[in-house]
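# Examining the three-dimensional arrangement
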Amino acid sequence: MQNKIIITIDGYSSCGKSTLAKQLARRLDYVHIDSGAMYRAITLYLLRNDIHLDIEADISKAIENINLSFVKNDFTGTSDMYLNDENVESMIREMLVSERVSDVATHKSVRDFAVAQQRKIGINKGIIMDGRDIGTTVFAHAELKLFMTADVKTRVERRFKEMFAINPMVSLEEVKHNLEMRDYIDSNREISPLRKADDAVVLDNTLLTMDEQLDIALQLAYERIALPMAKN
Ligand code: C5P
């Protein structure tokens, strides 16, 4: 039987982490988990219920009412985020959520809640999880850690295209501001800030095609799969 490993993909906003994770999952027949979707769904819940986003005690209490799950979408072949049994996959990508998610993700209760679920999902390995703290905190003993980056201009253009498809009213300036703001908050928060894990491989995809990037990641994964498994 083939070794199943854990692959973590961390990095700045809109580096194409989820795209690579989905491709890898398809090629390796692994499960892909977009951890950012969990923070986005929590943010959506808090906004909908008028919870004060600065008050830790209120957030901590509200979280008790949140149930998150990933459900396979047979049409897209990927997993959709469900919040209390409602499919919120497209709603969590809206600017209203993007504007607040990084503040929400600074809270200890939010991170404890998300990390506990992420670790549970990874218990059987055979998983690729992308986010900001996956290689440093969630799966610090993962067999393969990737840290993705790309120049800001490239990332803003990619993000703008995605956002424009959902909402043609969005401006390039708004997208740029949101991306830089999230990178700043994510890199400077107290708990599990965005960092490259010491043993992560850096993948700068500014000048790489998606196929080239996938080839590099697959090669690294195959090397790790052939090695004895690490303990988690
Ligand atoms: O990956 P995505 O851009 O959808 O993530 C949205 C936000 O969720 C990030 O900007 C960050 O604030 C938060 N996040 C996090 N830790 C993760 C994944 C996402 O703090 N592992």
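Residues numbered from 1 in each chain as written. Predicted model: local features only at pLDDT ≥ 70, side-chain atom pairs only at ≥ 80, totals over all residues. Heavy atoms only, no water.

This part is about the pattern of salt bridges. Summed over the entire model, instances satisfying the criterion amount to 14 salt bridges. Salt-bridge contacts for R111 lead to D133; the nearest nitrogen and oxygen are separated by 3.0 Å. Taken together, the positions of R111 in helix α5 (residues 108-121) and D133 in the loop between β6 (127-131) and α6 (134-138) put the pair 22 residues apart, joining distant regions of the chain. The same class applies to R111 as to D133, namely buried. Across the salt bridge formed by E180 and K176, the nearest N and O atoms sit 3.4 Å from each other. One end of the pair is E180 and the other is K176, both in helix α8 (residues 172-188) and four residues apart, which spans about a single turn. Judged by its relative accessible area of 31%, K176 falls in the partly exposed class. (Salt bridge = Lys/Arg side-chain N within 4 Å of Asp/Glu carboxyl O. Helix = DSSP H or I, 4+ residues; strand = E, 2+ residues; numbered from the N terminus. Buried < 20%, exposed > 50% of the residue type's maximum accessible area, 1.4 Å probe, protein only.)

If you look at the biggest cluster of nonpolar residues, it comprises 34 residues, and the most contacted ones within it are I42, L46, I66, L68 and M81. If you list the elements that add at least two residues to this core, you get α2 (35-48), α3 (56-63), β4 (79-83), α4 (95-104), α5, β6 and α6. If you tally residues by element for this core, the top one is α2, at eight residues. Among all residues touching I42, those that are not within four sequence positions of it are I66, L68, V104, V110 and F113. (Core = buried A, V, L, I, M, F, W, Y, C linked by side-chain atoms within 4.5 Å. Contact = heavy atoms within 4.5 Å.)

What follows is about the site of the ligand. In the vicinity of the ligand, 15 residues are found, and the nearest of them are R40, R111, D133, D186 and R189. Considered on its own, the ligand offers 450 Å² of accessible surface; in the complex 96% of this is hidden by protein. Among the elements of the structure, α2, α4 and α8 are those that each provide at least two residues to the shell around the ligand. In terms of residue class, the shell around the ligand is built from four nonpolar, four polar and seven charged. (Near = heavy atom within 4 Å. Areas by Shrake-Rupley, 256 points an atom, 1.4 Å probe, with all protein chains shown as cover. Nonpolar A, V, L, I, M, F, W, Y, C, P; charged D, E, K, R; others polar.)

Now for empty space enclosed by the protein. By the definition in use, this model includes one cavity of 30 Å³ or more. Of the volumes computed, that of the largest cavity is approximately 30 Å³. Considering the residues around the largest cavity, the lining is formed by M95, S98, R159, M163, V175, N178, L179 and R182. Counting residues per element, the ones that place at least two in the lining of the largest cavity are α4, α7 (152-166) and α8. Among the elements that line the lining of the largest cavity, the one with the most residues is α8, at four residues. Looking at the lining of the largest cavity, its residues break down into four nonpolar, two polar and two charged. (1 Å grid on protein atoms, 1.4 Å probe; cavity = no way out; pocket = protein on both sides within 12 Å on 5 of 7 lines; lining within 4 Å. Points joined across faces, edges and corners; volume = space filled by probe spheres on them.)

Any functional reading would require information beyond the geometric quantities listed.
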